[in-house]
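Report on the structure
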Amino acid sequence: PSVKYRDGTIEEVAVPWAGRYQRFTKLLEQAVIMWLGACGNVDKVATAMRLDWQTVNRIMERAVERGLLRREDEVITKVGVDEKSFRRGHVYASILNDIENNRVWDLVEGRTTQNARELFETLSEEQRAGVEAEAMDMGAAFENAATALLPNADIVHDKFHVSAHLNKAVDDVRKEEHRELMSAGDETLKKSKYQWLRNFPDLRREPSFRELYNSNLKTSKAWRFKEAVANFWDYVYRAPAEKFFKEWRHAVNRSKLAPLKKVADMLANRLWGLLNYLKHRITNAASEGMNSLVARVIANARGLRSFRTLRVRVLFFLGKLDLAV
């Protein structure tokens, strides 16, 4: 409502039950937030409450704005950073996670060094100074930005990304050897791809794989090298861990398995980041878990066309913000 004064001026009257210029009351706004928290699907909530999705989306935007303003300048000591494709055409978002509180801190569009810098700048200067460790893959963009903006943080290269590189190397060895065997009419490695990508702590329980493993193949040797790296993460002190890695790399170089040698050289260049794991014991598992939740948010939205909408929804559902009206 508005009132007209004697001098002809008109002023809108502030009411306690609705925000200025809003088409919905605070009571409805709070109800939508509660329903979204329980359901997690914008379309279903809009249908159930007989609202259009634009209204629901605006309520989410207002809630996230409030939550970000209420977010205190908290101390954050361990973070994880990862990337997520959210649209066709290789369109990516970089996501910063607060590992200890298991939440998304913020996200920006893109995955370049400049994008990574923008992401870290969502932390205050005091927060950036307080970060002790950052879990990340071995991409140069994240590493360069972290070196510049997180002066006191140790970069911890994620062991799950290391495992992914090793699995790919084993698969490359398998592919090459499979072609050689098939040319000689030998089908030993046929349909065995996913067996080599698994972990078998006790081969006695897997007779089919044990037989394949004992076939004196290059792939068997590559798989042994890949499995041996798991022992690296159990070390407590840097010196013996570094000695183990150097001996492992020397054995890989003698094996003449080119894909494994390539990965070993890459890991040697990032050994300091691997050794930092022994100090901080953090991984990017939280970030990978968040990525799966982000994928669910995108799936529930039937695909998001704009980054702004993605950011609002991710922070609404995964940011652990104070969204109350």
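First, a word on scope: everything that follows refers to the structure included in this document. Since this is a predicted model, take the numbers as computed values, not measurements. (Residues numbered from 1 in each chain as written. Predicted model: local features only at pLDDT ≥ 70, side-chain atom pairs only at ≥ 80, totals over all residues. Heavy atoms only, no water.)

Quick look at helix 7 (residues 159–183)
Helix length check: helix 7 (25 residues) gives 36 Å between terminal C-alpha atoms against 36 Å at 1.5 Å per residue, within 8%. Listed as buried for helix 7 are His161, Val162, Leu166, Asn167, Ala169, Val170, Asp171, Val173, Arg174, Glu177, His178 and Leu181. Of the residues one or two after helix 7, Gly185 is the one with positive phi, at around 80°. (Helix = DSSP H or I, 4+ residues; strand = E, 2+ residues; numbered from the N terminus. Expected span 1.5 Å × (residues − 1). Buried < 20%, exposed > 50% of the residue type's maximum accessible area, 1.4 Å probe, protein only.)

Description of the sheet that holds strand 3 (residues 78–87)
Spatially, five strands are ordered 5-4-3-6-7 in an open sheet, and the strand pairing comes out mixed. Two strands in the sheet have a free side with no partner beyond their single neighbour: strand 5 (103–109) and strand 7 (154–157). If you compare each strand with its neighbour and ignore which way they point, the axes differ by 30° on average. Lying over the sheet, helix 13 (residues 271–280) contacts strand 3, strand 6 (133–136) and strand 7, oriented at roughly 100° with respect to strand 7. Helix 15 (residues 307–318) rests against strand 3, strand 4 (91–98) and strand 5 of the sheet, and its axis sits at about 175° to strand 5. (Pairing = 2+ DSSP bridges. Axes fitted to C-alpha atoms, helices over the stretch in contact; angles between N-to-C directions. Contact = heavy atoms within 4.5 Å.)

Quick word on the pairing of strand 6
Covered by surrounding structure in strand 6 are Ala133 and Ala135 together with Glu134 and Met136, the residues of both alternating faces. Two strands pair when backbone bridges link them, and strand 3 and strand 6 are joined in this way by three bridges, in the parallel orientation. Of the residues in strand 6, the one forming a bridge with Lys78 is Ala133. Between the parallel elements strand 6 and strand 7, the chain passes through helix 6 (residues 140–149) in a crossover that is right-handed. (Right-handed = clockwise from strand over helix to strand, strands pointing away.)

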